[in-house]
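# Topology and contacts: notes
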Amino acid sequence: MSSNALKLLTEVAKELRTRIQSTEGCLAAELAALSEQELPERLLADCGAAGLLLEICRTIPSLCSHAATVALVEAFLRREDFDSAWKLYNRARSSVDQPDNLVQLLALAVRAQKWTAAVDLFKAARRVKASVDRGVCMELITKGAIKAGDVTFAFSVLEYMRQEGFATVEAHSAVVDACGSLGQPRQVVEVLARMKQQFPGGVPVETWNCALRAVGSNGRFNEADKVWKEMLRAGVTPTAASYNALLDCAVRGRRVPEAWDLVTEMLDKQHRADKYTMSILMKSIQDTADRRRVQRGIELATRFVDQQPDDADEIVFNSLLDACVRLRDMPRLDRTLAKMKDYKVKPSAVTFGTVVKAYGQAGDYNKVDEIWQQMEACNLEVNEVTYGCMLDACVKCGKLHRALEIFDVLKSQGRHKNTVMYTTLIKGWAKARDLEAALSTFNEMRAEGVSCSAVTFNSVIDVAVRCNDMKVASELFRTMLQEHEPDLITFSTLIKGFCSLGDLAKSVCLAKELKSRGLQCDEIVYNSLLEGCVQICDLATGITLFRDMVASGIRPSNVTFSILVKLYGSVGFLDLALQLVNEMPHKHGVTPNRAVFSCLVKICVQKKSLTHALQGLELAQRAGAGAVDQSMYGTIIHACLQEGFVQEAIQLCSAAYQQAAEGSQGYHWRPVGVSQDLLRCVVEASAGPSLSQMAPRTSQDARQLVEFLSRSRYIPHLFAQRLVRLLDEPEMSCPEFVPAEGGWMRTTVATGKPGDDDRPAPGLENERPATPNKTKQVASSSEAKVLQTPAKLDTQLIRGQPEVTPSTAASSFSASTPGAWADASPEKLQSNFALSLAQVDECAEA
């Protein structure tokens, strides 16, 4: 009969379009008989035979009886030909919707990973109450529901499994995974609640891990953290998989601090962290500007490498090296390289480029050259990025000739046409202040057809500005306008250049042009403009610029206030400079640092106002340790010696050794002190024969100071003996003060070599008047400088104890100061310098 069926099917196939009705009844009988026995193997072995049968059933519907259709479906199922069975099923659902056939067809669909069909077949099987295998149900949850994007289907399968009594923990975990993959974190909580009711023993840790992965799959760290806390409340001990699931969520959600907290806890508990997650996390070290976070990340990454050396690959080490470069931590970088060698991790060209960059930043050319030779010995293929790192390192180390040699090698290989490389060379010419060479490189770059970026133009403009050639800088700027839109760096460089030459008008015009192009002036631009105001002593424009800066929402820094102090000092408004520094914390939210106070003291000394200098020192003392440094004391003490205030210089030396330096705390307390050269000058000044006769207390105070410093080990013992010898033998000391009408007359005693008293105060080299040559003869009264004897200096002022306000800056000092210092009576100083901001505004408006 099989042979007859084959002949009949062949004949029908040949005359299918004519639909020979005489053969239908016979064919139907033959097809019906197929349900009783196997379909011939060679009929379905022929790939066209299955299609032939389907075409017959489609073309001649009368042939598709129930028995024939079921027979064909069963035949296709036995052959595991799901596509043919599925097509036939879709054409005759009512005829084939039998439990056994549906179950077989569903299992075949699952094996063939036809998930859309499997979902429909499961629903059909549920309608006819067919029993579905547990393994098929698990596949439907883990894959079918996800592929179909229907979390409700997963719950329906789980409900069926619960009714059948095989809804195990694994089944619930599979539903949790499906919920997570489909972005339904709330459904995860629902599943966990069901499990708590269904499983009296509690939810196992594996399911909690699935819940963490599901909720945190898209970086929803807050939801994952809630699941984590609920797991801990349930008394479940997290495993390494639990930590890694939450860690992965934190990394995906860019919750870097929380991620490092988890890594710390994992390493403390000796859990293994996933190396891929750690690699991604370590790359995040490069994205933060917080040095403390970077430091912590490096430390934890180092612990990870030590505890899991098998997972320490090149990616992990490169991330560590990059972080060391950011922190400029060369000792740690060296240790990381040594560890990389110990773990036999082969460095790549990227690794060598990173290390070359690090040593270039540190200015260690010997190391740069050593690393480069090691890379060449490894015969690694060096790309343009690594060559760029080497050129940059050579430029930063001041080895421009070596950078040019490497660039010539690239030229010979035809690999030199790179914008970054040319720009790096131009930056090297900027350091060398060689404008001609920079322009030559720039023109060669354009001739070679290499595109000039905005950074390139900014670099060559910077060379012109450094060489004070603003004409060339302006021409380059005009050329840049034709090819690129200038950025903030462009305008900032030009503004700085014009301000340095005192051309404030052009700088202000450039600032206006900057704003007209939609750019916002930053702190650097405003600071440059304020420096230009200092150059020409233009207080009115400076105040206007500062107010515009604050109104623009740019917070001034200590650098800004240092410039403002110089600006006030340049026009003699020292009281306003003191007031500005005093109001910085509460009015502008900026705590003045050492640079601000140092600038304040220096400008007061330059303007010959010792009173205001002491007021500035007092403000610095009140600011705490770190605000006062040795140079501030040295500037004032040197000024006192220049004008003959020896007693006050001794008091200031004593105060300097009672002032704590930055970082002094506990047993590590250390004083600011003064330099040994300056201390010797003070002792020599106090040991002059005439001074020791007229003011014996000065010599005694100097002796007590030396004994105290020697006893406290602030100065070497041999140096203390030399100072005591100077006090015991006054004729060996350099300066000497003799009485004169109205005060002291200052002269010197020859010692055969230049004295230290001729050394200018730090930063005052150009301010101090010329000192006459030392001679054995006392200068005549007409040529000598007459110093009025000051009243007793308030030692509390020096020690910083009394409350001082800038508006009464002169009231803390004596009624008058020496002749070289401008009339310093309180009344006179008040009238000269105590201008309010309102008065300054009136001056600005005028």
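Just so it is clear, the model here is predicted, and its values are computed rather than measured. (Residues numbered from 1 in each chain as written. Predicted model: local features only at pLDDT ≥ 70, side-chain atom pairs only at ≥ 80, totals over all residues. Heavy atoms only, no water.)

### A closer look at the packing of aromatic side chains
A full pass over the atoms with the stated rule returns nine aromatic pairs. Where F317 meets Y343, the ring centres are 6.3 Å apart and the plane angle is 55°; that geometry is what we call tilted. One end of the pair, F317, is in helix α20 (residues 314-327); the other, Y343, is in the loop between α21 (330-342) and α22 (349-362), with 26 residues separating them in the sequence. On the basis of relative accessible area, F317 is assigned to the buried category, the value being 0%. For Y343, a relative accessible area of 31% corresponds to the partly exposed category. Look at F477 and F491: their rings are 5.7 Å apart centre to centre, the planes differ by 70°, and that puts the pair in the edge-to-face class. Separated by 14 residues along the polypeptide, F477 in helix α29 (residues 470-483) and F491 in helix α30 (residues 488-500) bring together distant segments of the chain. (Phe/Tyr/Trp six-rings, centres within 6.5 Å; stacked < 30°, edge-to-face > 60°. Helix = DSSP H or I, 4+ residues; strand = E, 2+ residues; numbered from the N terminus. Buried < 20%, exposed > 50% of the residue type's maximum accessible area, 1.4 Å probe, protein only.)

### Considering the packing of helix α18 (residues 275-283) against α20
At a minimum axis separation of 9 Å, α18 and α20 run at an interaxial angle of 20°. Looking at the two axes, α18 sits roughly parallel to α20. Of the two elements, α18 crosses α20, and the hand of that crossing is left-handed. On the side of α18, the interface is formed by S279, M282 and K283, while α20 contributes I315, V316, S319 and L320. Taken together, the residues that form the contact of α18 with α20 break down as four nonpolar, two polar and one charged. (Axes fitted to C-alpha atoms, helices over the stretch in contact; angles between N-to-C directions. Parallel < 35°, antiparallel > 145°, perpendicular 65-115°, else oblique. Left-handed = near helix turned anticlockwise from the far one by under 90°. Contact = heavy atoms within 4.5 Å. Nonpolar A, V, L, I, M, F, W, Y, C, P; charged D, E, K, R; others polar.)

### What to know about the state of the cysteines
Enumeration according to the criterion identifies zero disulfides in this entry. Its sulfur unpaired, C640 is 9.3 Å from the next cysteine sulfur, which belongs to C653. Classification of C640 as buried rests on a relative accessible area of 2%. (Disulfide = S-S within 2.5 Å.)

### A few points about unusual backbone geometry
Of note, N468 is a non-glycine position whose phi angle comes to about 60°, a positive value. Mapped onto the fold, N468 is located in the loop between α28 (454-466) and α29. Positioned with a positive phi, K608 is a non-glycine residue whose angle comes to about 60°. Relative to the elements of secondary structure, K608 occurs in the loop between α36 (594-606) and α37 (610-622).

### A few points about α29
With 14 residues, α29 should reach 20 Å at 1.5 Å per residue; the first-to-last C-alpha distance of 20 Å fits that figure. Looking only at α29, the buried set comprises M470, V472, A473, L476, F477 and M480. The buried residues of α29 occupy an angular sector of 150° when the element is viewed end-on, so they sit on one face. In α29, the exposed residues that point more than 90 degrees away from the buried face are K471 and Q482. (Expected span 1.5 Å × (residues − 1). Arc of directions from axis to C-beta.)

### What to know about the confidence of the model for the protein chain
Of all residues in the protein chain, 71% have pLDDT values of 70 or greater, and the mean over the chain is 74. Low pLDDT (under 50) marks residues 34-49, which in the prediction has 26 contacts with non-local residues, meaning those over four places away or in another chain. Under a pLDDT of 50 for its full length, residues 734-846 has, in the predicted model, 212 contacts with residues more than four places off or in other chains. (pLDDT = per-residue confidence, 0-100.)

### A word on the pattern of salt bridges
Using the criterion set out here, one finds 25 salt bridges in the structure. With a closest N to O distance of 2.5 Å, R296 and D261 form a salt bridge. One end of the pair, R296, is in helix α19 (residues 291-307); the other, D261, is in helix α17 (residues 256-268), and 35 residues separate them in sequence. Classification of D261 by relative accessible area gives partly exposed; the value is 39%. A salt bridge links E684 to R680, with the shortest nitrogen-to-oxygen separation between them at 3.1 Å. (Salt bridge = Lys/Arg side-chain N within 4 Å of Asp/Glu carboxyl O.)

### Regarding α22
If you check α22, its first and last C-alpha atoms are 20 Å apart, about what 14 residues at 1.5 Å a residue would give, namely 20 Å. Within α22, ten of the 14 residues are buried, which leaves it mostly tucked inside the rest of the structure. Among all positions of α22, only A349, T351, F352, G353, T354, V355, V356, A358, Y359 and G360 are buried. On its buried face, α22 is in contact with α20, α21, α23 (365-377) and α24 (384-396).

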